[in-house]
Every structure is written in structure tokens, then in C-alpha cells.
Amino acid sequence: MSLLNDHVVLVTGGGSGLGLGVARHCLAEGAQLAVMELSAAKVAALREEFGADVLVLQGDVTSLADLRACREAVLERHGRLNALIGTQGIFDGNVPIAEMAEDRLYALFDEVLSVNVKGYLLSARVFGEALQASGGAMVFTTSTAAYAADGGGAAYSASKGAIRSLVNQLAFEFAPHVRVNAVAPAGIANSQLSGPHALGLSAQKQSDIPTDAFLSMFRSLSLLQELPTPEDHGPLYAFLASRQNRIMTGQTVVADQGLLNRAVLTRGD
Ligand SMILES: NC(=O)c1ccc[n+]([C@@H]2O[C@H](COP(=O)([O-])OP(=O)(O)OC[C@H]3O[C@@H](n4cnc5c(N)ncnc54)[C@H](O)[C@@H]3O)[C@@H](O)[C@H]2O)c1
């Protein structure tokens, strides 16, 4: 039996990178899948890849109207929702705040925190009732930036720390019906994570970093020494989204290839 048979799963921000890999894995595990994505080009590619089997919706997770339209479409097609997997996010360019024009901070904060935190908060509100009705799960995406410095700049790190705290509170508020957890990845291969408009960095993508350079940096830092693909994260997300998880709520799973646990003194590269 597949892990997600009889599960209706919605992946938000599933147009590329982590979310796309997780969406593919959920489908392979038998889920009835819906994906919500901001980028029109990625929406077209998703429709091309998945065809009529998957409900693909264009929408912005920071828009209550878009989230409500998504809820309507999912419930109309499937009649229920068993798991909300949130993977959307944007980067802050890792620019030290002292090097930034003071007046840029307003826009940077609003942009990064809006997608990376408000999007999750609004999604939890909009889909919470359906998940309570099904005894479902929320699985959100934070980062090792929530635990240690230099995984991003101040705005990105603050946003990821906020998601970590958000799942604590949401798990409390939605108990006992909905399990709420998060995953904190470190580096991810094939990511298109983009920078903020506020600093003129929206065209900058993680995929612009030469693969070899990114891989060798990651290998030198992580214990398992492989840069995970989005699909590698699939089984963890699928488990947390499934009814098989009867024991965890309010937790963030650090899925970092041992990055934060590396030996500082004795291990070379
Ligand atoms: N790339 C990494 O190394 C890394 C490490 C740790 C955590 N993460 C986190 O993983 C998650 C996925 O990132 P990724 O690396 O796969 O990047 P990605 O850019 O490939 O995927 C993010 C997706 O979210 C979509 N999106 C952005 N804003 C949106 C909005 N307002 N509404 C709907 N969709 C929106 C993007 O268009 C994109 O398709 C993010 O939360 C990111 O912070 C990434």
C-alpha cells in the first residue's frame, strides 16, 4: 500500500525546487495532488508534466483571495483536504544589513516576511477548517537559517525562525485534530530560490551558483557530504503529511545532512 493512498494533498509553492520534488513524490505515493504556484511559466510547466491528474492552480500565498479560490477548487474537485504542504519561499540575497541603504529595510522586511511567514499563516487559516474535518496535517518549510547564522541574511533568518515558532503555536491551536510540523533543510540541489525585488535581486537565483562550486562548499560542510535533491526530501514530507504520523506535532525536523552537527576542530574537507 502506498503511504498517501486516500490522501488529498496540496503543495503550495510547488513550481520548482523542493516543492516540485515533494509534489512528485506525493504523487508516486498515491496522493490526489493539487499544486498552487505563483509563477505563470511554472504553472504551465506543471500542467504539461502532470496533465489532468493533478489540479494545478496559479496563485499567490500572500493573497487571501487566491488562497480562498484554491480552497474552493480543491474542495470542489476532491471534497476534502488531508494535508497542506507549504514550500514557498524567497531569499534575501544574504546582504549584511550594515551594507544596505536604511530605507531599503522596510521593503525588504515586508517582502521576505510576507512570502516566508504571512503566506504560511494565511494558508493555515484558510485550510485549517478542512484539515480539522479530515484529521489532517500541515507540513511547513523552514531552514537551517532558523538555527544558525549565515544561512541567509537577517530578514531570511528571521523569517525562518518565525516559521519554526509558528508551527509550535499552530500545533497547539489545531490540536487534537491537525498535526502541524515543519522541515528545516540546508542546501538543496536544483533550487530556483530567488532574491528579493526590494534589493533589485529578484533575477538572482540559487541555480545561478555554479553546481560544482555549490556542491563542493556543501560537501566540505556537511557530514553526509551529498547535496540532497528535492526528491530526496519527498519521503520525509510524505510521512509528516500522512496518517502514519501519529506521534509528532509542533516539531521542526532538521534535515540538513549533518550540517549543523559537523565537527569543528577535527574534520578537514
Ligand atoms: N534552496 C535551498 O538551499 C534551501 C535551503 C533551506 C530551505 N529552503 C526553503 O525551501 C523552500 C523551497 O525553496 P527552493 O529552494 O525549492 O526554491 P524555489 O524558488 O525553487 O521554490 C520556491 C517556489 O515558491 C514559489 N513562490 C514564491 N513566492 C510565492 C508566492 N507568494 N505564492 C506562491 N508561490 C510562491 C516560487 O515561484 C517557487 O516555485 C523555501 O521555503 C526555501 O526557503 C531552501
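Remember, it's a predicted structure, so these values are computed and weren't measured experimentally.

Conventions adopted
All residue numbers refer to position in the chain's written sequence, counted from 1. The predicted origin of the model limits local features to residues at a pLDDT of at least 70 and limits the giving and counting of side-chain atom pairs to 80 or more, whereas totals for whole chains, interfaces and linings rest on all residues. Derived side-chain values reflect all non-hydrogen atoms in the structure, with water molecules and hydrogen atoms excluded from consideration. Whenever a carboxyl oxygen of Asp or Glu lies within 4 Å of a side-chain nitrogen of Lys or Arg, that contact is scored as a salt bridge. In this text, helices come from DSSP runs of H or I with a minimum length of four residues, and strands from runs of E with a minimum of two, each type numbered from the N-terminal end. Throughout, exposure labels follow a simple rule: accessible area from a 1.4 Å probe, protein chains only, divided by the maximum for the residue type, with under 20% read as buried, over 50% as exposed, and the rest as partly exposed. Geometry of aromatic contacts follows a simple scheme: Phe, Tyr and Trp rings, the Trp one being its six-membered ring, pair when their centres are within 6.5 Å, and the pair is stacked under 30 degrees between planes, edge-to-face over 60, tilted otherwise. Arc definition: directions from the helix axis to the C-beta atoms. Contact between two residues is taken to exist if any of their heavy atoms lie within 4.5 Å; hydrogens are not considered. pLDDT is a residue-level measure of predictor confidence that goes from 0 to 100. Here a strand pair is declared whenever DSSP counts at least two bridges between the two strands. Here the term right-handed applies to a crossover when the path leading from its first strand over the helix to its second strand runs clockwise, the strands being oriented away from the viewer. To count as a disulfide, a pair of cysteine sulfur atoms needs to be within 2.5 Å.

Asks: Can you explain the pattern of salt bridges? Please cite residues and give values.
Replies: What the rule picks out here adds up to three salt bridges. The shortest N-O distance in the salt bridge between E231 and R24 comes to 3.0 Å. Of this pair, E231 sits in the loop between α6 (211–221) and α7 (234–241) while R24 sits in helix α1 (residues 17–28), and the two are 207 residues apart along the sequence. Of the charged contacts, one joins E226 and R219 as a salt bridge, the two residues approaching to 3.1 Å between their closest N and O atoms. On the basis of relative accessibility, which here comes to 43%, the residue E226 falls in the partly exposed class. Through salt bridges with shared partners, one network takes in R24, E49 and E231.

Asks: Give a detailed account of the packing of aromatic side chains, specifying residues and quantitative values.
Replies: Here the structure, examined in full by the defined rule, presents two aromatic pairs. For the pair F91 and Y156, a centre-to-centre distance of 4.9 Å together with 70° between the ring planes defines the contact as edge-to-face. Highlighted residues: F91 in the loop between β4 (83–86) and α4 (104–134) and Y156 in helix α5 (residues 154–174), separated in sequence by 65 residues. Centre to centre, the rings of Y120 and F140 are 4.9 Å apart; their planes meet at 65°, and the pair counts as edge-to-face. Placement of Y120 in helix α4 and of F140 in strand β5 (residues 137–141) is noted, with a sequence separation of 20 residues between them. Each member of the pair, Y120 together with F140, is buried.

Asks: Before we move on, can you summarise α7 with the specific residues and values?
Replies: Turning to α7, its buried residues are G234, Y237, A238, L240 and A241. Looking straight down α7, one finds that the buried residues subtend no more than 165° of arc, so they occupy a single side. Along its buried surface, α7 packs onto α1, β4, β5, β6 (179–185) and β7 (252–255).

Asks: Any details on the confidence of the model for the protein? Residues and values, ideally.
Replies: Per-residue pLDDT for the protein has a mean of 95; in total, 97% of the residues score no lower than 70. Per-element mean pLDDT across the protein ranges from 86 in α6 up to 99 in β4.

Asks: Quick rundown of the pairing of β6? Include the residues and the values.
Replies: Where burial is concerned, most of β6 is hidden: seven out of the seven residues are buried. Across five bridges, the pairing between β5 and β6 is parallel. Bridge pairing links V139 to N181 in β6. Considered for its hand, the β-α-β crossover made up of β5, α5 and β6 is right-handed. Looking at chain direction, β6 and β7 are connected through four bridges and run parallel. Bridged to P185 within β7 is A255.

Asks: I'd like to hear about the environment of F214, residue by residue, with values.
Replies: Note on placement: F214 falls in helix α6. Residue F214 is classed as buried on the basis of its relative accessible area, which comes to 13%. Sequence spacing of F214 and G151 is 63 residues, and the spatial spacing of their C-alpha atoms is 13 Å. The residues contacting F214, other than those within four sequence positions of it, are G187, I188, Q206, I209 and L227.

Asks: Tell me about the state of the cysteines, and name the residues and values.
Replies: A full pass over the atoms with the stated rule returns zero disulfides. Distance from the sulfur of C26, which forms no disulfide, to the nearest cysteine sulfur (C70) is 15 Å. You can call C26 buried: its relative accessible area is 0%. Taking the relative accessible area as the measure of exposure, C70 reaches 2% and is therefore buried.

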